[in-house]
Each structure stands twice: as C-alpha cells, then as structure tokens.
Amino acid sequence: MDKINAFDAIYQVVREIPSGRVTTYGAIAAYLGMKGGARMVGWAMNASHTLADIPAHRVVNRNGVLTGKNFFGGNRMEMLLAEEGIRVQDDQIIHFKQHFWDPSAELA
DNA sequence: CGAGTGACGTGAT
DNA sequence: CATCACGCCACTC
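Looking at an unreviewed UniProt entry, one finds chain A named MGMT family protein and attributed to Aquirufa avitistagni.

Peer 1: Mind laying out the protein's contact with DNA strand C, listing which residues take part and the relevant values?
Peer 2: Every residue close to DNA strand C is listed here: Gly36, Arg39, Met40 and Trp43. Sugar plus phosphate: this is where 58% of the atoms of DNA strand C within 4 Å of the protein reside. Side-chain polar atom of Arg39 to a base oxygen of DNA strand C: 3.0 Å apart, as the coordinates give it. Here the residues of the surface near DNA strand C are counted per class, giving two nonpolar, one polar and one charged.

Peer 1: If you had to explain the protein's contact with DNA strand B to someone new, which residues and values would you point to?
Peer 2: Around DNA strand B, the surrounding shell holds 15 residues, and the nearest of these are Arg39, Gly42, Asn46, Arg62 and Phe72. A distance of 3.2 Å is found between a base nitrogen of DNA strand B and a side-chain nitrogen or oxygen belonging to Tyr25. The contact in question runs from a phosphate oxygen of DNA strand B to an N or O atom on the backbone of Arg62, over 2.7 Å. Within the residue set of the surface near DNA strand B, elements represented by two or more residues are α2 (25-32) and α3 (38-48). For the surface near DNA strand B, the class distribution of residues is six nonpolar, seven polar and two charged.

Peer 1: Which residues make up the nonpolar core, and what values go with them?
Peer 2: If you look at the biggest cluster of nonpolar residues, it comprises 16 residues, and the most contacted ones within it are Ile10, Val14, Ile28, Val41, Met45 and Val59. Looking at this core, the elements that each hand over two or more residues are α1 (6-16), α2 and α3. The dominant element in this core, judged by the number of residues it contributes, is α1, at four residues. Those residues within four positions of Val14 in sequence are excluded, and the remaining contacts are Ile28, Met45, Ile54, Pro55, Ala56 and Val59. By size, the runner-up hydrophobic cluster in this structure holds nine residues, among which are Leu66, Met77, Ile86 and Phe96.

Peer 1: Explain the side chain of Thr23 to me, using residue names and the numbers behind them.
Peer 2: Summarising the element assignment, Thr23 is placed in strand β1 (residues 23-24). Take Thr23: its relative accessible area is 0%, and that puts it in the buried class. Polar side-chain contacts of Thr23 include one of 3.1 Å to the backbone oxygen of Trp101. Once you skip the residues sitting within four places of it in the chain, Thr23 turns out to touch Ile17, Ile28, Arg58, Val59, Val60, Phe100, Trp101 and Pro103.

Peer 1: Quick one: what's the story with the pattern of salt bridges, residue by residue and with numbers?
Peer 2: Taken as a whole and judged by the stated rule, the model has two salt bridges. The partner of Arg58 in a salt bridge is Glu84, and the shortest N-O contact between them spans 2.6 Å. Separated by 26 residues along the polypeptide, Arg58 in the loop between α3 and β2 (59-60) and Glu84 in the loop between α4 (76-83) and β3 (88-89) bring together distant segments of the chain. Given the relative accessible area of 11%, Arg58 is considered buried.

What counts, and at which threshold
Residues numbered from 1 in each chain as written. Chains lettered and ligands numbered in written order. Predicted model: local features only at pLDDT ≥ 70, side-chain atom pairs only at ≥ 80, totals over all residues. Heavy atoms only, no water. Near = heavy atom within 4 Å. Polar contact = N/O pair within 3.5 Å; in protein donor to acceptor, adjacent residues only side chain to side chain. Nonpolar A, V, L, I, M, F, W, Y, C, P; charged D, E, K, R; others polar. Helix = DSSP H or I, 4+ residues; strand = E, 2+ residues; numbered from the N terminus. Core = buried A, V, L, I, M, F, W, Y, C linked by side-chain atoms within 4.5 Å. Buried < 20%, exposed > 50% of the residue type's maximum accessible area, 1.4 Å probe, protein only. Contact = heavy atoms within 4.5 Å. Salt bridge = Lys/Arg side-chain N within 4 Å of Asp/Glu carboxyl O.

Next comes the structure, spelled out in structure tokens:
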C-alpha cells in the first residue's frame, strides 16, 4: 500500500536534514503528530541504524545531547557532526539552537 | 494477558 | 535554576 508509515515519514525527515543542521526527536514527533511519542522516534532511529542513508547522527534530544552516540559504535556520531561544522563538547552540541533545524518550519 | 523497557519530553516540586 | 517523577507509543519478556 502507499500508506506512508510513521517510520517512513521519520526516515524521510531525517534524510531531509541539511548538512550542518540538527533536529530533535520531539520536533520530528511533533511534525508527525506524535508529540507524546518522542520515545518512538528514538526507537525508529534504532531501526534506521540497520538501514542505510539515515543520518541519525543529526538527530539529538531536545537538550542537544548526543544521547544515542553510544549506538553509533563510539564517537562516530561526534565525528560526523564535527565534519559538518557542528561543535560538540561533552556529548553536547554547542550553539545547538543555532544548528537546530525544525521540520515543521523548514520542511513543512 | 500483564509488566517492563526505551536514541524523550514536559510538568511539578 | 536544578532535580525528580510521570506520561506517551510500540516492542519484548
């Protein structure tokens, strides 16, 4: 069926994240209407980890903290962000608000 | 079938 | 302002 599952939507949004920009689980959840299901977004990211072309490293919690960096297999997440010009310190993105990319505002 | 867990978020103390 | 506790949705034991 052509029904777009919430999962596909999540992957779609994550793929649309421009380089040097980051978003939050809650932002994606809210964009999909799952405001209270931020956890599910993270769970979807976990599944995306088995897929390809899913820059989940650009998705962080609302605090700008690399909560799932451990799932990337070490500091790969921090490295990727650094390559995009995003400064990370103590597993936290500096000027996170400045790099924040809101799908509801930019993608919508 | 019921309880517990999880890459989170918001509210209350 | 910082910390604790609860709630959401889906999945696993």
